[in-house]
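A structural walkthrough
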Amino acid sequence: MNHRITPLSPGLYLVSTPIGTARDITLRALDTLASADLLVAEDTRSLKKLLSIHGVPLGDRPVWAYHDHSGAGVRQKIMAEIAAGRSVAYASEAGTPMVSDPGFDLVRAAVQDGAPVTGAPGPTAAIAALVLSGLPTDRFLFLGFLPPKSQARRRALAEIADVPASLVIYESPKRVQGLLADLAAELGPDRDAALCRELTKHFEEILRAPLGALGDALDGRSIKGECVMVIGPPVARDMSDDALRALVVEALQTGSVRDAAALVAERHGVPRKAAYRMALELEKDKDT
Ligand code: SAM
C-alpha cells in the first residue's frame, strides 16, 4: 500500500495524474486522493480506474464530474462543499489540470471565494517533452493547441516566430503533418525541432531534426498516439536584436558580461562577439 489516509484541511487540491504509465503518480497525489472528502474529476471513470490500480479505497466518498462545460451550477456546489469545511481533490483526465485541460474556472472561483488552493504537482506532457527534446530549456513558451485551420495557425505562428525561446505545442496525431508544414513555412525549415510521441508509454518515440527534415521524414507516414512538438529558439543568423537582447538580459542576471556572452553564444549559436557587444551595451545602459 503506497498511500496514507490523513485528514486534510478544507480547500481545493489540484492533483496531477500520469500521462501514460500509471506508476508515474506521486505518493502525495495518492495520499490526497485517498484522503479528500470529495473527489472531482474531468472523467470519473479514468479517476476510478487509477484509484483501483493503486489500491486507493473510494469508500463511500462521492466522485463528481467537472469539466469546462459543467457550468456554474456544479462549480457553485463544489465551492459550497469547501465552504462547509470539506477537502476537494480535482484531477483532469491526464497530466496536470489546467494545462490544456479543465480546472481554470474552478481555481478562479476558489481564489475569488478566498478558499485555500493547493496541489500535488506531477506529470505534464509539456515538460516531459521539453526535457527529452534535447532543445534549450532555459526559456520556453507553451502554446497549447494551436488553431486547427492552417490559415489561423500560420497567423498564430507568425506572431511568435521571433520569440527567443523554445516552443512547446500540443497536437493531435492527425494534424502533425499539417502543423509541421506551417511551422517550416513560418519559422523556417532550419529550426531544430523534436516530435515527442506517446511519452512514458510502450511506443514512446522522439524524432529530433530540423523542421524541414522532420516534415520530409514524416511525409506519408501515419502518425498515431499523443504528440507534443518542441521547436528550438530562432537560429542565430535569423535572430533579431530584440531576441538577442532578451537572452543576454536574462544571462546577465546570473553572470558577468563575459559569462553572459559566453553562455548565450554557446547555447544559441550566436557569434560570441555579437553577444559580448550586446552584454556590454546593456551594462553601460544600466550605469547611465
Ligand atoms: N493536462 C495534460 C498535461 O498536463 O499534459 C494535457 C491534456 S491535453 C487534453 C492532451 C494533449 O497532451 C495530447 O493531445 C498531447 O498533445 C499531450 N499529451 C498528453 N499525454 C501525452 C503523452 N503521453 N505523450 C505525448 N503527448 C501527450
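Residues numbered from 1 in each chain as written. Predicted model: local features only at pLDDT ≥ 70, side-chain atom pairs only at ≥ 80, totals over all residues. Heavy atoms only, no water.

**Describing the domain arrangement of the protein**
Stated precisely, the cut-off is as follows: Where each domain begins and ends follows an automated or database-derived domain assignment. By definition in these notes, contact holds between two residues if any of their heavy atoms fall within 4.5 Å. Simply put, the buried area is the total loss of 1.4 Å probe accessible area from both parts when two parts are fitted together.
For the protein, the assigned domains are domain 1 (11–123), domain 2 (126–231) and domain 3 (241–287). A straight line from the C-alpha centre of domain 2 to that of domain 3 covers 28 Å. Contact residues are listed per partner, giving five residues for domain 2 and six residues for domain 3. Carbon and sulfur atoms supply 57% of the area buried between domain 2 and domain 3, which totals about 520 Å² over both sides.

**Some details on the packing of aromatic side chains**
Rules: Here the aromatic set is Phe, Tyr and Trp, taking the six-membered ring for Trp, and pairing holds for ring centres within 6.5 Å; pairs whose planes are under 30 degrees apart are stacked, those over 60 apart are edge-to-face, and all others are tilted. Numbering goes from the N terminus for both helices and strands, where a helix is a DSSP run of H or I of at least four residues and a strand is a run of E of at least two. Residue exposure (1.4 Å probe, protein chains only): buried if accessible area is under 20% of the type maximum, exposed if over 50%, otherwise partly exposed. Charges are assigned to positions over rings by a cutoff of 6 Å between ring centre and Lys NZ or Arg CZ, combined with an angular limit of 35 degrees from the ring normal.
Scanning the model with the defined rule gives three aromatic pairs in all. Plain terms: the ring middles of Tyr66 and Tyr90 are 6.0 Å apart, the flat faces sit at 80° to each other, and that makes the pair edge-to-face. Linking Tyr66 in the loop between β3 (63–65) and α3 (71–83) with Tyr90 in strand β4 (residues 87–91), this pair joins segments that are 24 residues apart in sequence. Note on accessibility: Tyr66 and Tyr90 belong to one class, buried. Their ring planes at 65° and their centres at 5.7 Å tell us that Phe145 and Tyr170 sit as a pair that is edge-to-face. With a gap of 25 residues between them, Phe145 in strand β6 (residues 140–145) and Tyr170 in strand β7 (residues 166–171) connect regions that are remote in the sequence. Through pairs of rings, three or more aromatic residues link up here, namely Phe142, Phe145 and Tyr170. Note that Lys77 overlies the ring of Trp64, its terminal NZ or CZ placed 5.3 Å from the centroid.

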